[in-house]
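Topology and contacts: notes
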Amino acid sequence: MKIGILNIQGSVAEHLEALRKLDVEVVLVKKPEDLRGLEGLILPGGESTTIGKLMDFAGLKKELKQRVKRGMAVWGTCAGAILMSQLGLINIEVERNAYGGQQESFETEVDFDGIKIPAIFIRAPKILQMGEDCEVLAKYDDDIVAVREEKMLVTTFHPELTDNLSVHRYFLEVAG
Ligand code: GLN
């Protein structure tokens with residue numbers, strides 16, 4: 001299986017390290033051609049405004065939407081989740097930096113699809129609304145923090161910053 005990681009800004013190296021522990025071929029995606037033949041793409045956490053602008057600059061947005069139409073899976077972590085909402089890849093509405101600034105970042109545990117996993121929130125967004133076809137995979141208190149819609153997955157936290165590979169494994173199943 002071939003999985004891409006959008007290599008523009010943010011937690012690229014951490015996702016790469018996680019995928020290397022799993023049995024997949026990894027492609028670092030910088031230009032539209034890099035999306036060819038991918039079963040799935042990860043949009044890392046970072047700064048959504050920066051990543052979005054550089055995606056525009058690289059001409060990646062249009063090609064990404066086309067690949068999704070043809071069945072490619074996408075997983076966005078934190079800023080990646082914001083971008084997926086903005087690009088209309090998943091039917092969720094988000095509020096950026098909804099827990100406050102860097103100082104309000106925190107680590108907790110969440111139940112993800114029945115498994116307890118560590119969850120790190122860094123200037124994380126909140127999911128304010130979601131469409132009927134969205135499935136909630138994890139909550140933190142009353143907040144929805146992981147959602148799946150068909151082959152689209154978002155987490156408002158950062159599984160790539162922990163040693164736990166559960167969400168990466170889950171995404172490979174979605175993509176496979
Ligand atoms: N606050 C960032 C944004 O709005 C996201 C932070 C993150 O990815 N950890 O893009």
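Definitions and limits used
Residues numbered from 1 in each chain as written. Predicted model: local features only at pLDDT ≥ 70, side-chain atom pairs only at ≥ 80, totals over all residues. Heavy atoms only, no water. Phe/Tyr/Trp six-rings, centres within 6.5 Å; stacked < 30°, edge-to-face > 60°. Helix = DSSP H or I, 4+ residues; strand = E, 2+ residues; numbered from the N terminus. Pairing = 2+ DSSP bridges. Axes fitted to C-alpha atoms, helices over the stretch in contact; angles between N-to-C directions. Contact = heavy atoms within 4.5 Å.

Points about the packing of aromatic side chains
Counted under the stated rule, the structure contains eight aromatic pairs. Centroid distance phenylalanine 106 to tyrosine 140: 5.2 Å. Interplanar angle 35 degrees. Geometry classified as tilted. With phenylalanine 106 in strand E6 (residues 106-112) and tyrosine 140 in strand E9 (residues 135-140), this residue pair connects regions lying 34 residues apart in the sequence. Relative to tyrosine 170, the ring of phenylalanine 112 lies with its centre 5.2 Å away and its plane at 85 degrees, an arrangement referred to as edge-to-face. Of this pair, phenylalanine 112 sits in strand E6 while tyrosine 170 is found in helix H5 (residues 166-175), placing the two residues 58 residues apart along the sequence.

Observations regarding the sheet that holds E9
Strand order across the open sheet formed by seven strands is E2-E1-E3-E4-E11-E10-E9, with mixed pairing between neighbours. Among the strands making up the open sheet, the edge pair consists of strand E2 (25-29) and E9. Averaged over all neighbouring strand pairs, the angle between strand axes comes to 20 degrees, with direction disregarded. Taken together, the five bridges between strand E1 (residues 2-6) and E2 define a ladder with parallel strand orientation. Residue pairing in the sheet places isoleucine 3 in a bridge with valine 26 of E2. Each of E1, E2, strand E3 (40-43), strand E4 (73-77) and strand E11 (152-155) is contacted by helix H3 (residues 60-69), which is oriented at about 125 degrees to E4, the strand it contacts most.

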